[in-house]
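# Tertiary structure, described
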Amino acid sequence: DTEVTQTPKHLVMGMTNKKSLKCEQHMGHRAMYWYKQKAKKPPELMFVYSYEKLSINESVPSRFSPECPNSSLLNLHLHALQPEDSALYLCASSQDSSTLAKNIQYFGAGTRLSVL
Amino acid sequence: QKEVEQNSGPLSVPEGAIASLNCTYSDRGSQSFFWYRQYSGKSPELIMSIYSNGDKEDGRFTAQLNKASQYVSLLIRDSQPSDSATYLCAVNLGYSGYSTLTFGKGTMLLVSP
C-alpha cells in the first residue's frame, strides 16, 4: 500500500478565510512533504518534515503554516491567502529524508485550491 | 543553482512506437533519479527509479542513467494513447543534509492512435 490521502480534494476560500489541508499516510514513513504546483509547472517544494520536526522551509510566506501532529499526519494551515496562491497542493511521504537513502516519494492526489 | 533540464515538448509519437524522453542534471552529487507521470489535473505517479549507471527495465518502460554525462532517459516501448501525459524527471539532491527532489519542467508526450 503506497497510499497518501489528502483532504479536501477541492477548496475555495476567500482572502480573509482560515482553512486547513490535511494529509495522512499509514506506510510508516517518517518524512512528509508539502509541494505547490501551478498549472503547466513542476511541483515546487514548500516544507519538509522529518521525524515530525520541520526540517526545510523553502522561504514560504507565513500565511502558510505547516503542522505535523504525529508521524502519520501532516496539516497545512492557510490564512489570508492571495489569489496567486491558487494552485494544486501536493503532499508526499517517503521512508525518511536522509540524503543517501534510496527514498521514493509517494504523492497524494492533491488539493486544488482556489482563492477568490 | 542545481538544475534539472527537460525538453518541454510536446513529443508526438504514433501508437506502437518507442517514445524517448531525456533529462540532464547539473549536480554531480545526485544519488537517485526518478521518472513520474502526471496526467492533466492529477498528481505525479512514480513510473521508474534508478540509482546506478546502466539500464533498468520494468515492463514497457526502460530507464537509462549515465552519471558521467549527467544524463537520464526514459524509453517507453509500444506506446499507447493512455501514455499521453507529462513526464517529470526528478533528481534527489542533498540539501542541508536532507534529501529533496528537484523536478524538471516536464515533457508532454502525445501518443496518437
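Quick summary incoming for the structure in this document. Treat the numbers as computed from the prediction; the structure is a model and nothing was measured.

Its place among the elements puts Ser30 of chain B in the loop between strand 3 (19-25) and strand 4 (32-38). Residues in contact with Ser30 of chain B, not counting those within four places in the same chain, are Tyr25, Lys67, Val91, Asn92 and Leu93 of chain B.

Residues and elements named next belong to chain B. Checked against the element boundaries, Val72 lands in strand 8 (residues 71-76). As for Val72 and Ile50, which are separated by 22 residues in sequence, their C-alpha atoms are 8.9 Å apart. Among residues more than four places away in sequence, those in contact with Val72 are Leu21, Asn22, Cys23, Phe33, Trp35, Ile50, Gln64, Leu65 and Cys89.

Considering all chains together, one arrives at seven salt bridges over all chains under this definition. Across the pair Glu52 of chain A and Arg30 of chain A runs a salt bridge, and its minimum N-O distance is 2.6 Å. Of this pair, Glu52 of chain A sits in the loop between strand 5 (44-50) and strand 6 (53-57) while Arg30 of chain A is found in the loop between strand 3 (18-25) and strand 4 (31-37), placing the two residues 22 residues apart along the sequence. Taking the shortest distance from any N to any O, the salt bridge between Asp83 of chain B and Arg60 of chain B comes out at 2.9 Å. You can see Asp83 of chain B sitting in the loop between strand 8 and strand 9 (85-95) and its partner Arg60 of chain B sitting in the loop between strand 6 (54-58) and strand 7 (61-66), a full 23 residues away along the chain. Asp83 of chain B gets classed as buried once you look at its relative accessible area, which sits at 1%. Salt bridges linked by common partners bring Lys36, Arg63 and Asp85 of chain A together as one network.

Bringing the packing of aromatic side chains into the picture now. Applying the stated criterion across every chain, the model contains 10 aromatic pairs over all chains. With a centroid separation of 5.4 Å and 90° between ring planes, the pair formed by Phe107 of chain A and Tyr36 of chain B is classed as edge-to-face. Of the two residues, Phe107 of chain A is situated in strand 10 (residues 106-107) and Tyr36 of chain B in strand 4; the pairing between them involves two chains. Given the relative accessible area of 9%, Phe107 of chain A is considered buried. When the centroid spacing of 6.2 Å and the interplanar angle of 80° are considered together, the rings of Phe34 of chain B and Tyr51 of chain B count as edge-to-face. Separated by 17 residues along the polypeptide, Phe34 of chain B in strand 4 and Tyr51 of chain B in the loop between strand 5 (45-50) and strand 6 bring together distant segments of the chain. For the pair shown, Phe34 of chain B and Tyr51 of chain B are each scored as buried. Through pairs of rings, three or more aromatic residues link up here, namely Tyr33, Tyr35 and Phe107 of chain A together with Phe34, Tyr36, Tyr51 and Phe103 of chain B. Above the ring of Phe61 of chain B, the side-chain terminus of Arg60 of chain B is found at 5.5 Å from the ring centroid.

All names here are of chain B. Judged from the five bridges that link them, strand 6 and strand 7 form a sheet pairing that is antiparallel. If you follow Gly54 over to strand 7, its bridge partner there is Leu65. Two strands pair when backbone bridges link them, and strand 7 and strand 8 are joined in this way by six bridges, in the antiparallel orientation. Pairing of Leu65 across the sheet is with Val72, part of strand 8. Counted between consecutive antiparallel strands, the loop separating strand 7 from strand 8 contains four residues, among which Gln70 sits at a positive phi close to 55°.

Criteria and cut-off values
- Residues numbered from 1 in each chain as written.
- Chains lettered and ligands numbered in written order.
- Predicted model: local features only at pLDDT ≥ 70, side-chain atom pairs only at ≥ 80, totals over all residues.
- Heavy atoms only, no water.
- Helix = DSSP H or I, 4+ residues; strand = E, 2+ residues; numbered from the N terminus.
- Contact = heavy atoms within 4.5 Å.
- Salt bridge = Lys/Arg side-chain N within 4 Å of Asp/Glu carboxyl O.
- Buried < 20%, exposed > 50% of the residue type's maximum accessible area, 1.4 Å probe, protein only.
- Phe/Tyr/Trp six-rings, centres within 6.5 Å; stacked < 30°, edge-to-face > 60°.
- Lys NZ or Arg CZ within 6 Å of the ring centre and 35° of its normal.
- Pairing = 2+ DSSP bridges.

Remember that the coordinates give geometry; whether it matters functionally is a separate question.
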